[in-house]
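Take a look at the letters that make up each chain.
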Amino acid sequence: MNTHHFPDFAEKLVAWQREHGRHDFPWQVRDPYAVWLSEIMLQQTQAATVRDYFLRFIRELPTVRDLAAAPQDTVLALWAGLGYYSRARNLHAAAQQIMDEFGGEFPQTREEWQRLKGVGRSTAAAVMAFAFHSRETILDGNVKRVLCRIFAQDGDPKSPAFERSLWALAEQLLPDNAADMPAYTQGLMDLGATVCTRNKPKCGDCPMAHQCLAKQQGRIDELPRKKTPVAVRQQTVFWLLLRRHDDAYWLQKRPNRGIWAGLYCVPEAGSLHELRGLAERLGADGDDWQEAEAFTHRLTHRLLEIVPYRAVLPPQKQPAADESGVWVPRERIREYALPTPLATLLK
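Residues numbered from 1 in each chain as written. Predicted model: local features only at pLDDT ≥ 70, side-chain atom pairs only at ≥ 80, totals over all residues. Heavy atoms only, no water.

Overview of the overall build of the protein chain
To keep it simple, the criterion reads: Helix and strand assignments follow DSSP, with helices taken as H or I runs no shorter than four residues and strands as E runs no shorter than two, numbered in order from the N terminus. Accessibility here uses a 1.4 Å probe with only protein chains present; expressed as a share of the type maximum, an area under 20% marks a residue as buried, one over 50% as exposed, and anything in between as partly exposed. Note on contacts: a residue pair is in contact if any heavy atoms of the two residues lie within 4.5 Å. Under the convention used here, a 1.4 Å probe and the Shrake-Rupley method define accessible areas, while residue burial counts only the protein chains that appear. Just so you know, the count uses Lys and Arg for positive and Asp and Glu for negative, and it drops His and the chain ends. One atom stands in for each charge, and that atom is NZ of Lys, CZ of Arg, CG of Asp or CD of Glu.
Counting its regular elements, the protein chain contains 14 helices and eight strands. Viewed in the frame of its principal axes, the protein chain has a C-alpha envelope of about 80 × 45 × 35 Å. Going through the 347 residues of the protein chain one by one, you find that 48% of them count as buried. Across the protein chain, contacts joining residues at least 24 apart in sequence account for 67% of those joining residues at least 6 apart. As displayed, the protein chain has an accessible area near 17,400 Å², and 47% of this comes from carbon and sulfur atoms. Treating the 44 positive side-chain charges of the protein chain as one cloud and the 42 negative ones as another, the clouds have centres 4 Å apart.

Laid out in structure tokens, this is it:
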């Protein structure tokens, strides 16, 4: 893509960001740890939501050394509620990589950052741009939308060739002055998040409006092309909220694969028959169950119908020795990383 029709793109964007962009995020610093943590949190979560999680996380685990040494349960508990928990597990593993493979020093190039678990090209570029002022371009969903509209880039969003062409375009647009990289990179993010939004973009506030080819061609609603939606699968699961006489709940750590991997949850089964068998091994009498109101919880490509049953364990009963789990008093529940729907239910 030839960018000759817009030679001052970077200059305009930097000036706009400095005057109109967002400047009050706690991760807008040159500390690679803070930048990296924020970029992982921001991958699939709005900045307004991330702020409190970021501050709490960095208060509890202020350095990469602290993160690497922390138990996975601690990391997941700090992440609980942010969703997409593979991000937290990858972050933890990557911190251990930094300690083991890089001697506790942060990677110094984008390629080295990409060796870390959970770090793709755009995340690595963001860390290099913000923390090291390197001339590396990001290309997340917001930036793709900005480029597709301003430069009228039309292509299949699933096409690797189209993706490569967007990377090439993004690289051509970088500012010459490395010191401008934080404002430029933040400007791309701010423009996509606050002005060039997916629906009802604020073209009147856009510094690029006069050169925007999609605006000139009347194609703002058309570009970028929408991805074909993935079919949502429906699934019903049954939960057993097993409570002891002292108001403690029986929680089990989920496997490290699948949904809510590594989090603590109440016993779960795929059918009521299976749940009854599980309950018997835990010492619960099926005659005293109370079915609670079923509810749904949406995951990325799955709609879960969750049917909870409440049961109280008689004082003389105990779960079978081969049933792994832990009794957690109600007042300590918040110390455990729980799936969001369970945390809501237990409130």
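Details of the packing of aromatic side chains
The criterion, for reference: Stacked, edge-to-face and tilted labels apply to pairs of Phe, Tyr and Trp rings (six-membered ring for Trp) whose centres lie within 6.5 Å, assigned for plane angles under 30 degrees, over 60, and everything in between, in that order.
Tallied over the entire structure, the rule returns 15 aromatic pairs. Ring centres of Phe 9 and Tyr 184 lie 6.4 Å apart, and the angle between their planes is 75 degrees; on these two criteria the pair is classed as edge-to-face. One end of the pair, Phe 9, is in helix H1 (residues 9-20); the other, Tyr 184, is in helix H11 (residues 181-195), and 175 residues separate them in sequence. Among the residues examined, Tyr 184 registers a relative accessible area of 2% and is labelled buried. Ring pairs connect the aromatic residues Phe 6, Phe 9, Phe 151 and Tyr 184, which therefore count as one cluster.

Structural notes on the packing of helix H5 (residues 72-79) against helix H6 (residues 86-101)
As a reminder, the rule being used: Every axis in this analysis is a line fitted to C-alpha atoms, fitted for helices over the stretch in contact. Angles between the N-to-C directions lie between 0 and 180 degrees. Should an angle fall under 35 degrees it is taken as roughly parallel, and over 145 as roughly antiparallel, whereas 65 to 115 is taken as roughly perpendicular and any remaining angle as oblique. Helix crossings are classified by the rotation of the near helix relative to the far one: an anticlockwise turn of less than a right angle makes the crossing left-handed, while a clockwise turn makes it right-handed. Classification convention: Asp, Glu, Lys, Arg as charged; Ala, Val, Leu, Ile, Met, Phe, Trp, Tyr, Cys, Pro as nonpolar; all other residues, Gly among them, as polar.
Taken N-terminus to C-terminus, the directions of H5 and H6 make an angle of 135 degrees; their axes are 10 Å apart at the nearest point. Relative to H6, the element H5 is oriented oblique. In the packing of H5 onto H6, the handedness of the crossing is right-handed. Each of Gln 72, Val 75, Leu 76 and Trp 79 in H5 lies in contact with H6, whose residues at this interface are Arg 87, Ala 88, Arg 89, Leu 91 and His 92. Residue composition of the contact of H5 with H6, grouped by class: five nonpolar, two polar and two charged.

Some remarks on the packing of helix H2 (residues 32-42) against helix H3 (residues 47-60)
As a packed pair, H2 and H3 sit with axes 10 Å apart at the nearest point and diverge in direction by 135 degrees. It follows from the interaxial angle that H2 and H3 lie oblique. Both H2 and H3 take part in a crossing whose hand is right-handed. Along its contact with H2, which presents Tyr 33, Ala 34, Leu 37, Ser 38, Met 41 and Leu 42, the element H3 presents Ala 47, Val 50, Tyr 53, Phe 54, Phe 57 and Ile 58. Its residues assigned to classes, the contact of H2 with H3 comprises eleven nonpolar, one polar and no charged.

Points about the UniProt feature "domain: HhH-GPD" (unreviewed entry) in the protein chain
Let me state the cut-off plainly: UniProt positions are given in the numbering used here, feature names are shortened, and annotations may be inferred rather than shown by experiment.
According to UniProt, the positions carrying the feature "domain: HhH-GPD" (unreviewed entry) are residues 41-194. Annotated as residues 41-194, this span is 64% helix and 0% strand, and its ends, taken at the C-alpha atoms, are 18 Å apart.

Focus: the environment of Val 326
Within the element layout of this structure, Val 326 appears in strand S8 (residues 326-329). Considering only alpha carbons, one finds Val 326 and Ala 248, 78 residues apart in sequence, at a separation of 9.3 Å.

Details of H11
Our working definition: How far a helix is expected to stretch is found by multiplying one less than its residue total by 1.5 Å.
Counted at 1.5 Å a residue, the expected span for H11 with its 15 residues is 21 Å, and the 20 Å between its end C-alpha atoms agrees. With respect to burial, H11 is a largely interior element, twelve of its 15 residues being buried. Burial in H11 covers these residues: Met 181, Ala 183, Tyr 184, Thr 185, Gln 186, Gly 187, Leu 188, Met 189, Asp 190, Leu 191, Gly 192 and Val 195. Those residues of H11 that are buried lie in contact with H1, H2, helix H8 (121-132), helix H9 (141-150) and helix H10 (160-172).

Details of the environment of Gln 290
Mapped onto the secondary structure, Gln 290 falls in strand S5 (residues 290-291). When its relative accessible area of 53% is taken as the criterion, Gln 290 is described as exposed. Placed 19 residues apart in sequence, Gln 290 and Tyr 309 show a C-alpha to C-alpha distance of 5.5 Å. Ignoring any residue separated from it by four or fewer positions in sequence, one finds Gln 290 in contact with Pro 308, Tyr 309 and Arg 310.

A short note on the side chain of Ser 38
Quick reminder of the rule: Nitrogen and oxygen atoms within 3.5 Å of one another constitute a polar contact, given that in protein one can donate a hydrogen and the other can accept it, and given that sequence-neighbouring residues count only through two side-chain atoms.
Along the polypeptide, Ser 38 turns up in helix H2. Within the local environment of Ser 38, its side chain forms a polar contact with the backbone oxygen of Val 35, the two atoms lying 2.8 Å apart. In this structure, Ser 38 is in contact with Trp 27 and Phe 54, ignoring residues within four places of it in sequence.

Focus: the domain arrangement of the protein chain
Selection criterion: For the domain bounds, the source is a domain assignment made automatically or taken from a database. Buried area: the accessible area, evaluated with a 1.4 Å probe, that two parts lose upon being put together, summed over both parts. The working definition used for a salt bridge is a side-chain nitrogen of Lys or Arg within 4 Å of a carboxyl oxygen of Asp or Glu.
Split by domain assignment, the protein chain resolves into domain 1 (8-217) and domain 2 (233-346). The centre of domain 1, based on its C-alpha atoms, is set 37 Å off from the matching centre of domain 2. Each partner contributes to the interface: domain 1 provides nine residues, whereas domain 2 provides 13 residues. Interface area, domain 1 with domain 2, both sides summed: about 770 Å², of which 48% is carbon and sulfur. Three residues, Asp 73, Tyr 85 and Arg 89, lead the burial of domain 1 against domain 2; their summed loss comes to 50% of the area buried on that side. For the pair domain 1 and domain 2, the number of links is one salt bridge. Looking at the side of domain 1 that touches domain 2, the element that brings in the most residues is H5, giving four residues.

Describing the nonpolar core
As a reminder of what qualifies: Among the buried residues, those of types Ala, Val, Leu, Ile, Met, Phe, Trp, Tyr and Cys that are joined through side-chain atoms within 4.5 Å form a nonpolar core.
Within the largest apolar cluster, 103 residues are counted, with the highest numbers of intra-cluster contacts made by Phe 9, Trp 36, Phe 57, Trp 79 and Tyr 184. The residues that make up this core include at least three from each of domain 1 (8-217) and domain 2 (233-346). In this structure, Phe 57 is in contact with Tyr 33, Leu 37, Met 41, Leu 67, Val 75, Leu 78, Trp 79 and Leu 91, ignoring residues within four places of it in sequence.

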